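Below are the chains, spelled out letter by letter.
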Amino acid sequence: MKRLGFYFKYAWRSVLRGKSRSFFAILCVAVGVAALVAIQVLEQSINDTLIGDAKGRAAGDLIVTKNGNADINDTNMNTRGFSADRLAYFDQLKSQGQIQDWTSFDYLSNVRVKGFFLGSPDFYMVDPAKYPLYGQFKIFQPANGDFQQLLKNNPNGVIIGKTLWDKQHYQLGQELTVASGQTGKSVNLKIVGETDVDVPGVQFSFLGTGFISQQTGAQFLSQTEAASTKVFVKTATNEQADKLKNVIQQAGEGQTTISLPQGSTRIAYFNYYNVETATEVQAQLQEALDQVKPLLTYVGLLSLLIGGIGVVNTMLVVIGRRTTEIATVKALGLKKWQTVLIFTIEAGCIGVIGSVVGIILGEMLSLVFNRVAEGIFLRPLVWSLYPLPILTGLIVGVVTAMVFGFLPSYAAGKVRPGVVLRLQSGALPGVGGIASVLIVLLMTTALGLTAGLITNNVLLGLAISFGTLIASLILIGLLWVLVWLVGLLPAPLGPSFKMAMRSFSRHRGRTATTVAVIVVGIFCVSFVVILAEGIKETFKEVFDVNLGYNVVALNLVPTDRTKLQSSLAQLPGYQNGFVGNRQGVEIQQINGQDWQAYYSKLQNSGGAQSRVDLSSDIQLSGRDFINGQVAGASGKQKVINGRNLEPGDADKKVMVVNLKQATSYNLKVGDKLSVHTAATFGRGVPSGTAAANDKSDTFEIVGILDNGNQTISLESPFIVPFQATAALGSQQTFVYLLIDRTQLTQALNQLQTTQPTLFILNISDFIDEFSRLLDQFLAFPTMLSLLSLFSGAVLIANNVALAMLERRTEIGVLKAIGAKQRRIMTMILWESSLTGFLGGLLGVGLALLILLVSGAVGSSTGGRNGGVTINWSPLVAGLLVLMSIGLAVVATIASAWSAVREKPLVVLRYE
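The structure contained in this document is the topic of the report that follows. Note that the coordinates shown come from a computational prediction; the quantities given were computed from them, not determined experimentally.

**Section: the overall build of the protein**
Right, on to step 1. Per the secondary structure count, the protein includes 29 helices and 27 strands.
Right, on to step 2. Out of the 911 residues in the protein, the part that is buried amounts to 52%.
Right, on to step 3. Considering only intrachain contacts with a sequence separation of at least 6, the fraction spanning at least 24 residues in the protein is 82%.
Right, on to step 4. Carbon and sulfur atoms make up 59% of the accessible area of the protein, which amounts to about 40,200 Å² in all.

In structure tokens form, the structure reads like this:
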């Protein structure tokens, strides 16, 4: 015990004596621990917020949803929601004592809000007397407001979610006009409250939410729209809920006879209910969050790895400068294993202090992370001083420091007193190849086990650890060669730059490691920034430039096309318009040949090896003719062969196909496609109705067009006249408008009044909203990337400080022969700037290379991978490289300023 006390006392004294060396080593550990703690606190916050109370989150012990299978010939399943007798079933369960209570719930997907042109917010219809069965419904305004009482006491009241409230700048008492998307009937609702975005049984919405009572909904909704789509059930115990789940599931089971297009029949089994327990809903959400946790943890461990490298560098220099001291104490009787133990304890002391500092920084950083994550999840996150991240940060920080400090400690144990004291050599003895490999493997295994304990998956932790080791060795090896080559280049900027070049390539391993850290940080930042700009530019190009329209509207119910076209032409600022529709069909024959035979022929000829998945199920897009013009939603399309649709084709059975599909299906001008709507996408039709629903038609291909604006598919590659798809049963109508921007708001308000069933989207607002949401989503990876980059800056500062210690004699000699402090600082800044420039250039270049290659792949597959156009800006790339250089310069000034100011007499007297 006495000896152990001596070991700790000696190690602690060495930490204090190290001053700046120990400070930067502690800072390296602290940054890594801070990242790990902040990320783990964020994980706990997300977990508690999004999962938390299972029943309160799910709004019931059981969640019963109506299956949306409209193909079954069952009168109880022909409605969108629960039928009256199905709802009565839950009253029966309550009267039997099997459940305590239940309440119906309806998601109103067709409600249109006047003056809102970003689509349709998520409106919900509830029974205020019962909903919610579990959980709290927080009301912001009025103060101390009660959700149930607000809706119950205000028959025409609506409660607005915070997202929509802030977006539209609503106020209490303001009237809101909403309309049914099916009937067009509207009603004025009075805003009676503002609620939190975190609502029992409701997932968050980017566009916002609104809540009305069933009494209010009955005033303007059709019977189909007002039918409840979900039922929340309250039971006495969890065991009763588990048992009742099977009872309800079996009560909804049934069978019916299905008529197939060929005239045969089959028995189809269906289930009216989809039943989940609150525990199952919680488990599903937990599983989704668990997919993200390893990635977040890996980022924290990567920052910790960078900190470990700083510990290694520090300990190597510390031991290298204390070889005489080590030799002396060993000559006095200190054994090899005792030397290793003392320096390992010293690394552990650095780890303890760094971990404590890192925990404090991590808790502060977690507040920032939480605010960023709140923008992603659109709800406030719970925050607390969770004990697990604190304990994990402390243990992992100490273990990392000791593991990374073991290699230098082993080297200290190999110091030979006789050699050192005889020659006064300060050189650190070699550890040995086999020993070095074994120690590195031991370090990697220890880190892998630590990562495995954090991620609750030891194999994953070991895979991450050894994978990172291999990737790091490859990257550092390549950079070692690059650093060596850079050192061979001429130095045209004078003696200071030449000496900087020599110093840059002197310790190639250390320089390569530093450059590698900068490359990783700059790569992550560059990748996120350039990708974000590419996505924004692609959306703007697709929706604003190539599309040629600034308003898109959708009607999900049959409409009078003539009346619709007339109302469009009367809009203020109307410049151009296009009406279209869409219908799913199945190919029966091509040129009189059965599809299966035709497809087999394509396979034998190699045509089915195209990147487009060939299928008999296709979508037909219908184009209408307005003012004698034929317009489309695929941008400007060049005619490759044949002709485009013409006004005279309005009542003809003709088709144009884009080049990619024409090539894949081996189609050409003059070919004929026979299609039908029955069994579309592999679904059967109810018994006795096949003849009525099975609509067929044959189209002649009159033109092959280029792909046009296919990054986002606004039109199918198979295009026919509007009348043809309408005859096949199309129910959806798409409207594309170009309106003078100065009159856009007036025009949209008029269009919403005359056509209340239209789902209207203002493209300009959509682009702005998309950009805002994209910035929120990318804020978190950007912060993680910047954290990694900051770790690199700390490592640079650490390396510079160590280099100053190693080169004290060199600096002293330079100053003694007349070199000014400014010149020495310039030389050091040239060296660090070169490191930052090389790391930044490689990081930005690697990000661009990967994005450009990915963009090429996306283009070659016709946008199936997103088709994002990477229009990178040289200015942005240059700024990212300058940021890398700036971090290196700032880190250098912070760590080298005191060293270059030291008097040469002090250095030369003792060195």
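**Structural notes on the environment of Lys 638**
Right, on to step 1. Looking at the secondary structure, you find Lys 638 in the loop between strand 19 (629-630) and strand 20 (639-642).
Right, on to step 2. Using a relative accessible area of 58% as the deciding quantity, one classes Lys 638 as exposed.
Right, on to step 3. Residues contacting Lys 638, with those up to four places away along its chain left out, are Ile 704, Leu 705 and Asp 706.

**Some words on the pairing of strand 22 (residues 672-676)**
Right, on to step 1. Of all five residues in strand 22, four are buried, a share of seventy percent or more.
Right, on to step 2. In this structure, strand 15 (residues 574-590) lies alongside strand 22, joined through four bridges in antiparallel fashion. Looking across to strand 22, one finds that Glu 586 is bridged to His 676.
Right, on to step 3. Pairing of strand 22 with strand 24 (residues 696-705) involves five bridges; the strand directions are antiparallel. When the sheet's bridge partners are listed, Val 675 is paired in strand 24 with Asp 697.

**Brief notes about helix 24 (residues 744-754)**
Right, on to step 1. Within helix 24, burial applies to Leu 744, Ala 747, Leu 748, Leu 751 and Gln 752. Looking straight down helix 24, one finds that the buried residues subtend no more than 130° of arc, so they occupy a single side. Away from its buried face, by an angle of more than 90 degrees, helix 24 presents the exposed residues Thr 745 and Thr 753.
Right, on to step 2. On its buried face, helix 24 sits against strand 3 (111-113), strand 14 (551-555), helix 19 (561-569), strand 26 (732-739) and strand 27 (759-762).

**Here's the deal with the packing of aromatic side chains**
Right, on to step 1. One pass over the full model with this rule turns up 19 aromatic pairs.
Right, on to step 2. Feature note: the residues Phe 105, Tyr 107, Tyr 124, Tyr 131, Phe 137, Phe 147, Phe 211 and Phe 232 constitute an aromatic cluster, connected by ring pairs.
Right, on to step 3. We note Lys 130 situated over the ring of Trp 102; from NZ or CZ to the ring centre the distance is 5.2 Å.
Right, on to step 4. It is Lys 234 that lies over the ring of Tyr 134; its NZ or CZ is 5.3 Å from the centre.

**Considerations on the pattern of salt bridges**
Right, on to step 1. What the rule picks out here adds up to ten salt bridges.
Right, on to step 2. The salt bridge involving Lys 668 is made with Asp 671; its shortest N-O contact spans 3.3 Å.
Right, on to step 3. Residues participating in the shared-partner salt-bridge network are Arg 643, Glu 646, Asp 649 and Lys 652.

**Here's the deal with a nonpolar patch on the surface**
Right, on to step 1. On the surface, a nonpolar cluster with roughly 730 Å² of combined accessible area is contributed by Val 352, Val 356, Val 357, Ile 360, Leu 361, Met 364, Leu 391, Leu 394 and Ile 395.
Right, on to step 2. Within the residue set of the nonpolar patch, elements represented by two or more residues are helix 12 (336-377) and helix 13 (387-413).
Right, on to step 3. Here the element with the most residues in the nonpolar patch is helix 12; it accounts for six residues.
Right, on to step 4. Within the secondary structure layout, Val 357 lies in helix 12.

**Observations concerning the environment of Leu 829**
Right, on to step 1. Within the element layout of this structure, Leu 829 appears in helix 27 (residues 821-860).
Right, on to step 2. C-alpha of Leu 829 to C-alpha of Ser 496: the two residues are 333 residues apart in sequence and 9.7 Å apart in space.
Right, on to step 3. If near-sequence neighbours (up to four positions away) are discounted, Leu 829 is found in contact with Val 889, Thr 892 and Ile 893.

**Points about the nonpolar core**
Right, on to step 1. Grouped together as the largest cluster of nonpolar side chains are 30 residues, with contacts concentrated most on Phe 123, Val 158, Ile 160, Tyr 170, Leu 176, Val 178 and Ile 212.
Right, on to step 2. Here this core gets three residues from one element, more than from any other, and that element is strand 8 (residues 186-195).
Right, on to step 3. Setting aside residues up to four positions removed in sequence, Val 158 forms contacts with Phe 123, Leu 151, Leu 176, Leu 189, Lys 190, Ile 191, Val 192, Gly 193, Phe 211 and Ile 212.
Right, on to step 4. Counting 26 residues, the second-largest nonpolar core is a separate cluster that includes Leu 789, Ala 877, Ala 888 and Ala 891.

**Some words on the packing of helix 4 (residues 84-95) against helix 9 (residues 238-251)**
Right, on to step 1. It is at 12 Å that the axes of helix 4 and helix 9 come closest, and there the two elements cross at 145°. By crossing handedness, the relation of helix 4 to helix 9 is classed as right-handed. Contacts from Arg 86, Tyr 89, Phe 90 and Leu 93 of helix 4 reach helix 9 at Leu 244, Val 247, Ile 248 and Ala 251.
Right, on to step 2. Here the contact of helix 4 with helix 9 is built from residues that sort into seven nonpolar, no polar and one charged.

**Quick look at the pairing of strand 10 (residues 230-234)**
Every other side chain in a regular strand lies on the same face of the sheet, so the side chains alternate between the two faces.
Right, on to step 1. In the sheet, strand 1 (residues 62-66) pairs with strand 10 via four bridges, with the strands oriented antiparallel. Its bridge partner lying in strand 10, Thr 65 is registered against Lys 230.
Right, on to step 2. One ladder, built from five bridges, connects strand 2 (residues 101-108) with strand 10; its direction is antiparallel. Bridging across to strand 10, Trp 102 finds its partner in Val 233.

**Comments concerning unusual backbone geometry**
Right, on to step 1. Backbone torsion omega between Tyr 131 and Pro 132 reads -5°, so that peptide bond is classified as cis.
Right, on to step 2. For Pro 132, the position within the fold is in the loop between strand 4 (122-126) and strand 5 (139-141).
Right, on to step 3. The backbone of His 169 shows a phi angle near 55°, a positive value even though the residue is not glycine.
Right, on to step 4. By the secondary structure assignment, His 169 is in the loop between helix 6 (162-168) and strand 7 (175-180).

What counts as what
- Residues numbered from 1 in each chain as written.
- Predicted model: local features only at pLDDT ≥ 70, side-chain atom pairs only at ≥ 80, totals over all residues.
- Heavy atoms only, no water.
- Helix = DSSP H or I, 4+ residues; strand = E, 2+ residues; numbered from the N terminus.
- Buried < 20%, exposed > 50% of the residue type's maximum accessible area, 1.4 Å probe, protein only.
- Contact = heavy atoms within 4.5 Å.
- Areas by Shrake-Rupley, 256 points an atom, 1.4 Å probe, with all protein chains shown as cover.
- Pairing = 2+ DSSP bridges.
- Arc of directions from axis to C-beta.
- Phe/Tyr/Trp six-rings, centres within 6.5 Å; stacked < 30°, edge-to-face > 60°.
- Lys NZ or Arg CZ within 6 Å of the ring centre and 35° of its normal.
- Salt bridge = Lys/Arg side-chain N within 4 Å of Asp/Glu carboxyl O.
- Patch = residues over 30% accessible without salt bridge, like charges linked within 9 Å, V, L, I, M, F, W, Y side chains within 5 Å.
- Core = buried A, V, L, I, M, F, W, Y, C linked by side-chain atoms within 4.5 Å.
- Axes fitted to C-alpha atoms, helices over the stretch in contact; angles between N-to-C directions.
- Left-handed = near helix turned anticlockwise from the far one by under 90°.
- Nonpolar A, V, L, I, M, F, W, Y, C, P; charged D, E, K, R; others polar.

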